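Each chain is listed here by its residues.
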Amino acid sequence: MDELLDPAFGMPELYEPRLPLLTLTEAHQLLDALQHFGTTDHDWGAQARHFAAEFAARVPSRAP
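Residues numbered from 1 in each chain as written. Predicted model: local features only at pLDDT ≥ 70, side-chain atom pairs only at ≥ 80, totals over all residues. Heavy atoms only, no water.

Colleague: Tell me about the pattern of salt bridges, and name the residues and values.
Modeller: Under the criterion given, the structure shown has 2 salt bridges. Across the salt bridge formed by Arg62 and Asp32, the nearest N and O atoms sit 2.7 Å from each other. Taken together, the positions of Arg62 in the segment after α3 (43-58) and Asp32 in helix α2 (residues 24-37) put the pair 30 residues apart, joining distant regions of the chain. Residue Arg62 is classed as partly exposed on the basis of its relative accessible area of 47%. Glu54 is paired through a salt bridge with Arg58; the nearest N and O atoms lie 2.9 Å apart. Here the residue Glu54 and the residue Arg58 both occupy positions in helix α3, the gap between them amounting to 4 residues, near one helical turn. (Salt bridge = Lys/Arg side-chain N within 4 Å of Asp/Glu carboxyl O. Helix = DSSP H or I, 4+ residues; strand = E, 2+ residues; numbered from the N terminus. Buried < 20%, exposed > 50% of the residue type's maximum accessible area, 1.4 Å probe, protein only.)

Right, dumping it as structure tokens:
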């Protein structure tokens, strides 16, 4: 996880323009990641729990 905080960590180049908003699938994947990271007992975990709750309030539910 430390590599995500490292500005030298390279992200793959994108060959297509990014959408201004996340797709529903991307939003659910991000919510899953926030909820998973929120299980840690750390200051970052507390922030992840906060943003997971805020994000969940704005993202439509998954279809059954």
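Colleague: So what about the environment of Phe55? Which residues, and what values?
Modeller: Secondary-structure assignment places Phe55 in helix α3. Accessibility expressed as a relative area gives 21% for Phe55, which makes it partly exposed. Measuring from C-alpha to C-alpha, the distance between Phe55 and Leu31 comes to 6.8 Å, with 24 residues separating the pair along the chain. Those residues in contact with Phe55 that sit more than four places away from it in its chain are Leu22, Ala27, Leu30 and Leu31. (Contact = heavy atoms within 4.5 Å.)

Colleague: So what about the packing of α2 against α3? Which residues, and what values?
Modeller: In the contact formed by α2 and α3, the axes pass within 7 Å of each other and the chain directions differ by 145°. As α2 packs across α3, the resulting crossing turns out to be left-handed. Between α2, through Ala27, Leu30, Leu31, Leu34, Gln35 and Phe37, and α3, the contact on the second element is made entirely by Trp44, Gly45, Ala48, Phe51, Ala52, Phe55 and Ala56. Among the residues making up the contact of α2 with α3, the classes are represented as 11 nonpolar, 2 polar and no charged. (Axes fitted to C-alpha atoms, helices over the stretch in contact; angles between N-to-C directions. Left-handed = near helix turned anticlockwise from the far one by under 90°. Nonpolar A, V, L, I, M, F, W, Y, C, P; charged D, E, K, R; others polar.)

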